[in-house]
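Survey of secondary and tertiary structure
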Amino acid sequence: MPTTLARRTVAAVLGLASALVLAACANPSDGGTTEIAAAKGGTTKINLSPDQNRVTTAKVDSIAAQVPAEIRKRGTLEIVDSSGSAAPLTFRATDNKTVIGVETDIAHLVADVLGLKPDINTVSWENIFVGLDSGKYDVGFSNITVTEERKEKYDFATYREDNLGFEAKKGSGLKITGPADVAGRTVAVGSGTNQEKLLVEWSEENEKAGRKPVDIKYYQNDSDTYLALQSGRIDLYLGPNPTAAYHAATTGKTEVVGTYSGAGATLQGLIAATTKKDNGLAKPLAEALDEVIENGTYAKVLDRWGLSGEAVTSSQINPPGLPKTNK
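Attention in this report is confined to the structure presented alongside it. (Residues numbered from 1 in each chain as written. Predicted model: local features only at pLDDT ≥ 70, side-chain atom pairs only at ≥ 80, totals over all residues. Heavy atoms only, no water.)

So, about helix 10 (residues 297-304). Along helix 10, the positions that sit buried rather than exposed are Thr297, Tyr298, Val301, Leu302 and Arg304. Seen end-on, helix 10 carries its buried residues on one side only, within an arc spanning 160°. A positive backbone phi angle near 75° is found at Gly306, which sits one or two residues after helix 10. (Buried < 20%, exposed > 50% of the residue type's maximum accessible area, 1.4 Å probe, protein only. Helix = DSSP H or I, 4+ residues; strand = E, 2+ residues; numbered from the N terminus. Arc of directions from axis to C-beta.)

Written out as structure tokens, the structure reads:
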């Protein structure tokens, strides 16, 4: 991707991190809550307890009737998400057991519309796709980006914008606006993610331009990554922007120093409900998402997690995604 174009794209989405990075404080004595800045000003108090009191919505018979008969007969929607702790997307409540987050809430809303009981299955990132391939799980709600490569095996129904964030130790003085800014830097990223794909391509672009490549590091979990960031063993961590902004807001030890579209230089990235290709679920999933967007429960969920700035106006089935070669 041309550096100048990448800079323009990054500049266009800079400031999205501000949806989460203002005031934040933990309130263990208040039933397990934390406060973060809301996208529209003020603060949002996030419930971290297992008693979520989730936003709910009614079944829509005309949409539910489109669900494949086998799933309707079973009565459950087998939902899969990632075991990696990624607040406010998917993470554990204060009981260290209950899965909560914006992804879980949206999955519950969709199940409501479809008249199915949501069964949440939490697995490692790679096993999300193994389980979808085998039919063990019906749909993934786990901050999964639409990519052209993934569209060969999966169908997508979009529900949120996808923006990535470069997180650095607070006071680092770094500003990331394009590939040149990470040349020679040590950057951590999750294996098998679209963030990794983008970072590898930036590194290759740097080498072609005569600059140093990126020293890419991989860690088993977020706690190891953040320990490396605080100790100076890495300069940056590239991950989902909501997670980076939430972490910066709630710890006060890091800051988001650049954002980037999850679909690359020329396209706004999109997060989507992900299901095995041609299994008949994409259309009812998209219609269920459109229903909750229209009836306002979707907006309530995003606001609940401080993510109103990443709302979409409708669900798209298999839209253009991150190109196989991001040039």
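Closest axis-to-axis distance for the helix 4 (residues 102-114)/helix 10 pair is 9 Å, and the angle between their directions is 165°. As summarised for this structure, helix 4 and helix 10 are arranged roughly antiparallel, according to the angle between their axes. The two elements helix 4 and helix 10 meet at a crossing, and its hand is right-handed. Contact residues: helix 4 offers Val102, Asp105, Ile106 and Leu109, while helix 10 offers Thr297, Tyr298, Val301, Leu302 and Arg304. (Axes fitted to C-alpha atoms, helices over the stretch in contact; angles between N-to-C directions. Parallel < 35°, antiparallel > 145°, perpendicular 65-115°, else oblique. Left-handed = near helix turned anticlockwise from the far one by under 90°. Contact = heavy atoms within 4.5 Å.)

Empty space within the largest pocket amounts to approximately 900 Å³. Around the largest pocket, the lining is made up of 37 residues, and of these Ser82, Gly84, Trp125, Gly190 and Thr193 lie nearest the centre. Sorting the residues of the lining of the largest pocket by element identifies helix 5 (125-134), strand 10 (186-189), helix 6 (194-208), helix 7 (222-231) and strand 12 (236-240) as the ones contributing at least two each. Broken down by element, the lining of the largest pocket gets its largest block of residues, four residues, from strand 12. Across the lining of the largest pocket, the residue classes tally to 13 nonpolar, 21 polar and three charged. (1 Å grid on protein atoms, 1.4 Å probe; cavity = no way out; pocket = protein on both sides within 12 Å on 5 of 7 lines; lining within 4 Å. Points joined across faces, edges and corners; volume = space filled by probe spheres on them. Nonpolar A, V, L, I, M, F, W, Y, C, P; charged D, E, K, R; others polar.)

We now examine the packing of aromatic side chains. In the structure shown here, the tally under the stated rule is eight aromatic pairs. Relative to Trp305, the ring of Phe91 lies with its centre 5.9 Å away and its plane at 85°, an arrangement referred to as edge-to-face. Of this pair, Phe91 sits in strand 5 (residues 91-92) while Trp305 is found in the segment after helix 10, placing the two residues 214 residues apart along the sequence. Using a relative accessible area of 8% as the deciding quantity, one classes Phe91 as buried. Residue Trp305 is classed as buried on the basis of its relative accessible area of 1%. Measuring from ring centre to ring centre gives 5.3 Å for Trp125 and Phe129, while their planes differ by 75°; the resulting arrangement is edge-to-face. Taken as a pair, Trp125 and Phe129 lie in helix 5 at a separation of four residues, close to a single helical turn. Side by side, Trp125 and Phe129 carry an identical accessibility label, which is buried. (Phe/Tyr/Trp six-rings, centres within 6.5 Å; stacked < 30°, edge-to-face > 60°.)

In terms of nonpolar packing, the biggest core is built from 57 residues, with Val102, Ile106, Leu114, Ile128, Phe141, Leu285 and Trp305 touching the most fellow members. Sorting the residues of this core by element identifies strand 4 (76-82), helix 4, helix 5, strand 9 (154-169), strand 14 (269-276), helix 9 (282-295) and helix 10 as the ones contributing at least two each. If you tally residues by element for this core, the top one is helix 4, at eight residues. Each residue touching Val102, except ones within four places of it in the same chain, is listed here: Pro88, Leu89, Arg160, Val301, Leu302, Trp305 and Leu307. (Core = buried A, V, L, I, M, F, W, Y, C linked by side-chain atoms within 4.5 Å.)

Further remarks concern the environment of Leu238. Mapped onto the fold, Leu238 is located in strand 12. Remark: the alpha-carbon pair of Leu238 and Gln195, spanning 43 residues in sequence, is separated by 6.6 Å. If near-sequence neighbours (up to four positions away) are discounted, Leu238 is found in contact with Leu164, Gly165, Phe166, Val187, Ala188, Val189, Gln195 and Leu199.

Right, let's get into the pattern of salt bridges. Taken as a whole and assessed by the stated rule, the structure comprises 13 salt bridges. In this structure, Asp133 and Lys153 form a salt bridge, with 3.1 Å as the shortest nitrogen-oxygen distance. Of this pair, Asp133 sits in helix 5 while Lys153 is found in the loop between strand 8 (139-140) and strand 9, placing the two residues 20 residues apart along the sequence. The exposure class of Lys153 is partly exposed, given its relative accessible area of 46%. Between Lys283 and Glu287 there is a salt bridge whose closest N-O contact spans 2.7 Å. One end of the pair is Lys283 and the other is Glu287, both in helix 9 and four residues apart, which spans about a single turn. (Salt bridge = Lys/Arg side-chain N within 4 Å of Asp/Glu carboxyl O.)

The two faces of a sheet get side chains in turn, since along a regular strand they alternate between them. Most of strand 12 is tucked away: five of the five residues are buried. In terms of strand pairing, strand 9 meets strand 12 through four bridges, oriented antiparallel. Bridge pairing in strand 12 places Leu164 opposite Pro240. As paired elements, strand 10 and strand 12 share three bridges and run parallel to each other. Across the sheet, residue Val189 finds its bridge partner in strand 12, namely Leu238. (Pairing = 2+ DSSP bridges.)

Read these as spatial facts, not as claims about activity.
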